[in-house]
Amino acid sequence: MVELKNVDVHFKDGGGVDALNGVNLRIEDGEFVFIVGDSGAGKSTLLKLLTREIAPTSGRVFVNGYNLAKIKNKKIPYFRRSIGMIFQDFRLIPDLNVYDNVAFVLRVTNKSKKTIRHRVPYVLNLVKLVERAKAYPDTLSGGEKQRVAIARAFASDPKLIIADEPTANIDPALSYDIVKLLKEINKCGTTVIMVTHEHSLVEYFGGRIVSLKNGEVIFDEYVEGEAQDE
Amino acid sequence: MNNFTYLIKQGIRSVWKNRFMSFASLCIMTVSLILVGMSAIVMLDCGIILDNVSDKNEISVYLNDDADIKHIGEVLKSNTLTEKVDFISSEEGLKKMIEQYSEQKELFENLPYNPVPATYMVTINDIDKMSTAVQQFKAIDGVYKVNAPMDFASFIKDLRTTFTIIGIVLIAALGTVSIIIISNTTRLSVFARRKEIAIMRIVGATNSFIKTPFFVEGLFIGLLSGILSWFVTKLIYENLFNLFTQNLGMWNALGMGDILQFSQIEWYVLAACCAAGAILGAIGTVLSTGKYLKV
Ligand SMILES: Nc1ncnc2c1ncn2[C@@H]1O[C@H](COP(=O)(O)OP(=O)(O)O)[C@@H](O)[C@H]1O
Ligand SMILES: [Mg+2]
């Protein structure tokens, strides 16, 4: 579960910016939420709060049972293991192949070799990249890279997946596949929060839409999508 | 354990990825350790030579033919610096000399008069006071000449002081340089792996997990330069040793016969080089990761 209570985020540099003002938001386990808004509205700042890259200036943030306004530095890594992150620039490690990029997450969080041997092929199969397991990121298309990143985010079986404009650097036609993948993962019970500014995607898939403007939530409702609910 | 080998592998991988800097810091650390190690050994050797020379801290006091032998003996004995006094009459002295130069026996046997003066061999109790003793003995009435191994002793002493100073300066300077270069290596290594580190953070790797490979890297470079410097020191020292001991007779006379053979100390030197390398490597990395890997 994700909960923000009266959250303000103020950046001191650049003359001082109020990136978020009095944000209240509650997302239950298993939901799929689109967050939309213009550039500079505060979408990335909101996600950074949820991953504890930044702490709120005031207000409270709870994610997966952790109180992120108060969490100790030592506990942050363990908290982060309960979430998966996806970025618009993929952030794959260039000198590791697809398999190792996914396995990397499990290795650096002390998962057993046995777990790695089972889990990596499973998630690669889910994103339909089994046959590209030995390929290096440079040789992949944007869509494929993002599927590797999704596999990586899902590898540790997180309760929550957070995606910041995951389709921004991808062929528009392939964007739908990316969202479909995230929807599939959501059906397994994982909460998904996806930031986008592609209105076509939001209109197509529908669901809960949260809209930000100048650091405030101006819209938070369920919208019927054009797609049949698969 | 699986985790441990992973971290070690990552550390070695890091050395390889960053091989130019790793090599540079390896070279600089190795040279530093060689210089420090060599000065330490030379210091030890100077100590040994000084001990040997001290054993021979005998001053020869030659007397005039008409000197009051007995009185001079009393004066020498009563000196506070004196430990032991041995008298060698001119006849005994000549006999000794004939023994020493047995090949030219005839030369000595057919002398019209005995050229060897009566001599007191005075052992003094403090080698540092040798020059004072020499001054005092020279002043005694009836003393013809005073000979002391003083010059050599003071030369060795100066040498030891010089090497001690060089050693300390080297340790301070090269230690600092080594730490700086290692921490720079780590910094570049952190930079080269920044993407990986960012991802590790995102997926919840702990701080110590992120830092350990860099620590391994610093330790590895340190240990490797320890071993290398030991090997080079061994080569240099053994060659120098052979050079000296070829003229063993002469060096023996100067108290250098007993200087350390490398095999006597090689394990200590290896341990010291590796320990110094590892400590420098560890300090360098810890400084650097503390600075450039903040959470
Ligand atoms: N680290 C930062 N320091 C200062 N200002 C920042 C920082 N990050 C974001 N901002 C500012 O906060 C506002 C919201 O940014 P962001 O959340 O990135 O917007 P979005 O992702 O919706 O485009 C912007 O005005 C941006 O300039
Ligand atoms: Mg953004």
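Residues numbered from 1 in each chain as written. Chains lettered and ligands numbered in written order. Predicted model: local features only at pLDDT ≥ 70, side-chain atom pairs only at ≥ 80, totals over all residues. Heavy atoms only, no water.

**Re the overall build of chain B**
Scanning chain B for helices and strands turns up 11 helices and 4 strands. Taken over the C-alpha trace, chain B has a radius of gyration of 30 Å; the compact-globule value for 295 residues is 19 Å, which it surpasses by more than 25%. For chain B, the residues scored as buried account for 44% of the 295 residues in total. Accessible surface, chain B: about 16300 Å² in total, of which carbon and sulfur atoms supply 63%. Distance from the positive charge centre (25 side chains) to the negative charge centre (26 side chains) of chain B: 27 Å. (Helix = DSSP H or I, 4+ residues; strand = E, 2+ residues; numbered from the N terminus. Rg over C-alpha atoms; globule rule 2.2 N^0.38 Å. Buried < 20%, exposed > 50% of the residue type's maximum accessible area, 1.4 Å probe, protein only. Areas by Shrake-Rupley, 256 points an atom, 1.4 Å probe, with all protein chains shown as cover. Lys, Arg positive; Asp, Glu negative; His and termini not counted. Charge placed at Lys NZ, Arg CZ, Asp CG, Glu CD.)

**Some remarks on the overall build of chain A**
Looking only at helices and strands, chain A has 7 helices and 10 strands in total. Computed over its C-alpha atoms, the radius of gyration of chain A comes to 17 Å, within 12% of the 17 Å expected for a compact globule of 230 residues. Projected onto its principal axes, the C-alpha coordinates of chain A cover approximately 45 × 45 × 35 Å. Evaluated residue by residue, chain A yields a buried proportion of 51% over its 230 residues. Put simply, of all contacts in chain A between residues at least 6 apart along the chain, 66% involve residues at least 24 apart. On chain A, roughly 10900 Å² of surface is accessible, and the fraction owed to carbon and sulfur atoms is 48%. A gap of 12 Å separates the mean positions of the 32 positive and 30 negative side-chain charges of chain A. (Contact = heavy atoms within 4.5 Å.)

**Here we look at the nonpolar core**
Soluble globular proteins tend to pack their nonpolar side chains together in the buried interior. Counting residues in hydrophobic clusters, the biggest one holds 50 residues, and the most contacted among them are Leu4, Ile35, Leu50 and Val63 of chain A. Residues within four places of Val63 of chain A in sequence aside, it is in contact with Met1, Val2, Leu50, Leu68, Phe79, Ile83 and Leu160 of chain A. (Core = buried A, V, L, I, M, F, W, Y, C linked by side-chain atoms within 4.5 Å.)

**Structural notes on unusual backbone geometry**
Residues and elements named next belong to chain A. The backbone phi angle of Asn6 is positive, close to 45°, even though this residue is not glycine. Relative to the helices and strands, Asn6 resides in strand S1 (residues 2-11). In this model, Lys128 sits at a positive phi of 60°, which is unusual for a non-glycine residue. Mapped onto the secondary structure, Lys128 falls in the loop between helix H4 (113-126) and helix H5 (142-155).

**Comments concerning the interface of chain A and chain B**
Accessible area lost on assembly of the parts is the figure often given for the size of an interface. Contact with chain A, which involves 20 residues of that partner, is made by 15 residues of chain B. With both chains or domains summed, chain A and chain B bury close to 1600 Å², and 64% of this area falls on carbon and sulfur atoms. Contact with chain B buries surface across chain A, with Arg80, Phe104 and Val108 of chain A losing the most and accounting together for 29% of the total. Taken together, the connections running from chain A to chain B amount to 1 salt bridge. A salt bridge links Arg13 of chain B to Asp95 of chain A; the nearest nitrogen and oxygen atoms lie 3.4 Å apart. (Buried area = accessible area lost by both parts, 1.4 Å probe. Salt bridge = Lys/Arg side-chain N within 4 Å of Asp/Glu carboxyl O.)

**A short note on the pairing of strand S9 (residues 207-213) of chain A**
Across a regular strand the side chains alternate sides, sitting on one face of the sheet and then on the other. All names here are of chain A. Counting buried positions over the 7 residues of S9 gives 5, a clear majority of the element. The pairing of S9 with strand S10 (residues 216-223) spans 7 bridges and is classified as antiparallel. Residue pairing across strands places Lys213 opposite Glu216, the latter belonging to S10. Counted along the chain from S9 to the antiparallel partner S10, the turn is 2 residues long, and its residue Asn214 has a positive phi close to 45°. (Pairing = 2+ DSSP bridges.)

**Examining the pattern of salt bridges**
Residue and element names in this part refer to chain B. This structure, assessed with the given rule, holds 14 salt bridges over all chains. Between Glu266 and Lys234 there is a salt bridge, and its shortest N-O distance comes to 2.8 Å. With Glu266 in helix H11 (residues 262-292) and Lys234 in helix H9 (residues 207-245), this pair connects stretches of sequence that are 32 residues apart. Judged by relative accessible area, Glu266 falls into the buried class, the value being 12%.

**Some details on the site of ligand 1**
All names here are of chain A. Near ligand 1 you find Phe11, Asp13, Val17, Ala19, Asp38, Ser39, Gly40, Ala41, Gly42, Lys43, Ser44 and Thr45, and these make up its full shell. Contact distances for ligand 1 include 3.1 Å between a nitrogen atom and a side-chain N or O atom of Asp13. Within the backbone of Gly40, an N or O atom sits 2.7 Å from an oxygen atom of ligand 1. When ligand 1 is considered free in solution it has 560 Å² of accessible area, and contact with the protein chains removes 66% of it. Contributing elements (two or more residues each) for the shell around ligand 1: strand S2 (17-27) and helix H1 (43-50). Grouping the amino acids of the shell around ligand 1 by side-chain chemistry returns 4 nonpolar, 5 polar and 3 charged. (Near = heavy atom within 4 Å. Polar contact = N/O pair within 3.5 Å; in protein donor to acceptor, adjacent residues only side chain to side chain. Nonpolar A, V, L, I, M, F, W, Y, C, P; charged D, E, K, R; others polar.)

**Description of helix H3 (residues 98-107) of chain A**
Residue and element names in this part refer to chain A. Buried residues dominate H3, accounting for 7 of its 10 residues. Residues of H3 that are buried: Val98, Asn101, Val102, Ala103, Phe104, Val105 and Leu106. Capping the start of H3, Asn97 holds a side-chain oxygen 3.2 Å from the backbone nitrogen of Tyr99, two or three residues further along.

**Observations concerning the sheet that holds strand S3 (residues 32-37) of chain A**
Through backbone hydrogen bonds, the strands of a sheet pair up, either in parallel or in antiparallel fashion. Residues and elements named next belong to chain A. The sheet built from 6 strands is open, its strands ordered S6-S7-S8-S3-S9-S10 with mixed pairing. The open sheet has two edge strands with one neighbour each: strand S6 (83-87) and S10. Averaged over neighbouring strand pairs, the angle between their axes works out to 15° when direction is ignored. (Axes fitted to C-alpha atoms, helices over the stretch in contact; angles between N-to-C directions.)

**A short note on the domain arrangement of chain B**
Per the domain assignment, the segments making up chain B are domain 1 (2-53 + 153-292) and domain 2 (58-148). The distance between the C-alpha centroids of domain 1 of chain B and domain 2 of chain B comes to 51 Å. (Domains from an automatic or database assignment.)

**Regarding the side chain of Thr167 of chain A**
Residues and elements named next belong to chain A. Within the secondary structure, Thr167 sits in the loop between strand S7 (160-164) and helix H6 (172-187). With relative accessibility at 1%, the residue Thr167 sits in the buried group. A polar contact is formed between the side chain of Thr167 and the side chain of Glu198, at a distance of 2.6 Å. With residues up to four places along the chain from it excluded, the contact list for Thr167 reads Ser175, Ile178, Val179, Met194, Thr196, Glu198 and Leu201.

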